[in-house]
Amino acid sequence: MDLERLFSAANMLVLPGWLLLVLLPRWRFTTCLVASVVLPGLLSIAYAVIAARAFGSGAADFSAFGSLAGVKGLFQDDALLLAGWIHYLAFDLFIGSWEVRDARRLGIHHLLVVPCLAFTFMLGPVGLLAYLLLRLAARGQWMIDEAASVRVAG
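Right, let's walk through the structure included here. (Residues numbered from 1 in each chain as written. Predicted model: local features only at pLDDT ≥ 70, side-chain atom pairs only at ≥ 80, totals over all residues. Heavy atoms only, no water.)

Moving on, we come to the nonpolar core. By size, the foremost hydrophobic cluster in this structure holds 26 residues, and its most contacted members are Leu21, Leu43, Leu93, Ile108, Val113 and Tyr131. Those elements that provide at least two residues to this core are helix H1 (3-23), helix H3 (38-56), helix H5 (78-106), helix H6 (110-123) and helix H7 (125-139). Here the element with the most residues in this core is H5; it accounts for 10 residues. Ala54, Phe55, Leu74 and Leu80 belong to the second-largest nonpolar core, a separate cluster that totals six residues. (Core = buried A, V, L, I, M, F, W, Y, C linked by side-chain atoms within 4.5 Å. Buried < 20%, exposed > 50% of the residue type's maximum accessible area, 1.4 Å probe, protein only. Helix = DSSP H or I, 4+ residues; strand = E, 2+ residues; numbered from the N terminus.)

With that out of the way, let us pick up the side chain of Ser97. Along the chain, Ser97 turns up in helix H5. Residue class for Ser97 comes out buried when judged on its relative accessible area of 1%. Within the local environment of Ser97, its side chain forms a polar contact with the side chain of Arg101, the two groups lying 2.6 Å apart. (Polar contact = N/O pair within 3.5 Å; in protein donor to acceptor, adjacent residues only side chain to side chain.)

Let's shift gears to H6. Since one α-helical turn is 3.6 residues long, residues separated by three or four positions face the same way. When the terminal C-alpha atoms of H6 are compared, their 19 Å separation across 14 residues agrees well with the 20 Å that a helix rising 1.5 Å per residue should span. Restricting attention to buried positions, one finds in H6 the residues Val113, Cys116, Leu117 and Thr120. Here the buried face of H6 lies against H1, H5 and H7. Of the residues one or two after H6, Gly124 is the one with positive phi, at around 45 degrees. (Expected span 1.5 Å × (residues − 1). Contact = heavy atoms within 4.5 Å.)

Quick look at the structure:
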């Protein structure tokens, strides 16, 4: 499959996930596909394959991460640029999914989370920051302590 098709496929793969998070956050298919990390996991597999091919072929090496110029050089290669894009797609969707689950757990109304999801989709860390500020304003919680709400079987 050529890189342009992979790019389009990755973009099309995340859109239903984002729509489900925004419109149907409690639906079982949303939980199954997005919150269970199926979609981010599929993107992660694609990323791993593309990155492994590039680094395994010698087209790139890890020393490039040591400077901005080195990273810029990595992204001159279309396959690594695509891998970088898929990296963003996977992580942003994973963070959006976490925002929805965390808000539900804390009792934050979903409509307040929707703008954070939009920012997370478009601007990644800005959306996460918006959600963390919402979380702080709504529940006075900045620190993330999910362990307090998880039962340990034993």
